[in-house]
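Fold and geometry: a report
Okay, here's what each chain looks like letter by letter:
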Amino acid sequence: MTAATLEIHLTDDDLTAALRSDVRQGLTASPKWLPPKWFYDARGSELFERITELPEYYPTRTERALLESVVGEIAAVAQAEVLVELGAGSAAKTRLLLDALTTGGPLKTYVPQDVSVSALRASADEVAAEFPGLAVHGVVSDFTATLDNLPRGGRRMIAFLGGTIGNLVPAERAQFLSGVHDVLEPGERLLLGAGLVIDPAILVPAYDDAAGVTAEFNRNVLHVLNSRLAANFAPEKFAHVALWDEENEWIEMRLEATEAMSVTIADLDLTVDFAEGERLRTEISAKFRPAGLEKELAAAGFGTERVWTDPRDRFALVLAERR
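1. Structural notes on the packing of aromatic side chains
All told, the structure shown has 13 aromatic pairs when counted by the stated rule. On the numbers, 6.1 Å between centres and 80° between planes, the contact of phenylalanine 48 with tyrosine 57 is edge-to-face. Centroid distance phenylalanine 143 to phenylalanine 160: 5.0 Å. Interplanar angle 65°. Geometry classified as edge-to-face. Taken together, the residues phenylalanine 143 in the loop between strand 4 (135–140) and strand 5 (156–160) and phenylalanine 160 in strand 5 connect sequence positions 17 residues apart.

Okay, here's the thing in structure tokens:
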């Protein structure tokens, strides 16, 4: 068995600098906001894993079931020699793709990408052990800024699953999809997983569960700021809010101050005032319509080959070819 290799383009110092920049920009804006990527320290990742198992949270199990049902078709069309997975995390769903792409297929290399060295090393080593004939080459980077660090060569397919595309506002999505287009060669492919627009009565509880796990996950970003930037947030003084924005067709998660307060972020020499009832946006999760996805992909230079949806039309997998 060949051991997994790791290529590091993002250090802890880089992450801290990005966090400092995002927090200063977001908490001095009006209205205030923070990017969702800062939910994910060790505790945040554990909370999210718990969310995926909640009865209200349908996206993860729906995408997995859909992938299980169509993975053979994806493999047959893509004929990928290299599978690149953006935001790989534990690479749990990826095993389905790896099984299909290596069973009589041409897959030679798996390239998981993530921001966490420790998480990526662990999952890359696990995949290397499970698939001894596969070269596993992890890339530690931020997919929103360092797509050009992805290795070239071989017939590649980039997988971006989990509905994470919905965390980007439209301008960010356009920039991201254009960036993916630019690192691929003509004929190479993108496999995209995206949540679809459904009844808000089902959608909203997925982001506001009865057990309060999502509320704790939302507040975790404040714990991250406390531990990494010496802030003095009182997370218990912020209420979790999840709203469906019908015009933009996205879920918006916010933290609402339950009283007026001032928060000091010592590492930034910054004091931020919150009025009672003031809301801080922590995440959007855009939902899509298949025609809209095809339009956004076409604008970035992709031709949509196949769109698969689950029986309830809650989630879509889109296979697109770089023109």
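2. Examining the environment of glutamate 46
With respect to the element layout, glutamate 46 can be found in helix 2 (residues 42–52). As a C-alpha pair, glutamate 46 and phenylalanine 217 span 171 residues in sequence and 9.1 Å in three-dimensional space.

3. As for the pattern of salt bridges
Within this structure, the stated rule accounts for 20 salt bridges. We note a salt bridge from glutamate 216 to arginine 43, for which the minimum N-O separation is 3.1 Å. You can see glutamate 216 sitting in helix 8 (residues 213–229) and its partner arginine 43 sitting in helix 2, a full 173 residues away along the chain. Residue glutamate 216 is classed as partly exposed on the basis of its relative accessible area, which comes to 28%. The residue glutamate 296 makes a salt bridge to arginine 173 at a minimum N-O spacing of 2.9 Å. Remark: arginine 173 occurs in helix 6 (residues 170–183) and glutamate 296 occurs in helix 9 (residues 290–299); sequence separation between them is 123 residues. Via salt bridges that share partners, Asp22, Lys37 and Asp142 belong to a single interconnected network.

4. Side note on unusual backbone geometry
Residue proline 31 is reached from serine 30 by a cis peptide bond, and omega for that bond is 0°. For proline 31, the location among the structural elements is in the loop between helix 1 (12–27) and helix 2. Look at glutamine 79: it is not a glycine, yet its phi comes out positive at around 45°. When you line up the elements, glutamine 79 lands in the loop between helix 3 (59–78) and strand 2 (82–85).

5. Digging into helix 2
Taken together, the buried positions of helix 2 are occupied by Gly44, Leu47, Ile51 and Thr52. Down the axis of helix 2, the buried side of the element spans an arc of 145°, and every buried residue falls inside it. Looking at helix 2, the residues exposed on the side facing more than 90 degrees away from the buried face are Ala42 and Glu46. Close packing links the buried residues of helix 2 with helix 3 and helix 8.

6. Concerning the environment of threonine 5
By secondary structure assignment, the location of threonine 5 is in strand 1 (residues 5–8). The class for threonine 5 is partly exposed, based on a relative accessible area of 39%. A C-alpha to C-alpha distance of 8.0 Å links threonine 5 and alanine 124, two positions 119 residues apart in sequence. Apart from residues no more than four positions distant in its own chain, threonine 5 is found in contact with Val136, His137 and Gly138. Side-chain polar atoms of threonine 5 contact the side chain of histidine 137, separated by 2.7 Å.

Conventions we followed
- Residues numbered from 1 in each chain as written.
- Predicted model: local features only at pLDDT ≥ 70, side-chain atom pairs only at ≥ 80, totals over all residues.
- Heavy atoms only, no water.
- Phe/Tyr/Trp six-rings, centres within 6.5 Å; stacked < 30°, edge-to-face > 60°.
- Helix = DSSP H or I, 4+ residues; strand = E, 2+ residues; numbered from the N terminus.
- Salt bridge = Lys/Arg side-chain N within 4 Å of Asp/Glu carboxyl O.
- Buried < 20%, exposed > 50% of the residue type's maximum accessible area, 1.4 Å probe, protein only.
- Arc of directions from axis to C-beta.
- Contact = heavy atoms within 4.5 Å.
- Polar contact = N/O pair within 3.5 Å; in protein donor to acceptor, adjacent residues only side chain to side chain.

The quantities given are spatial measurements derived from coordinates; they are silent on function.
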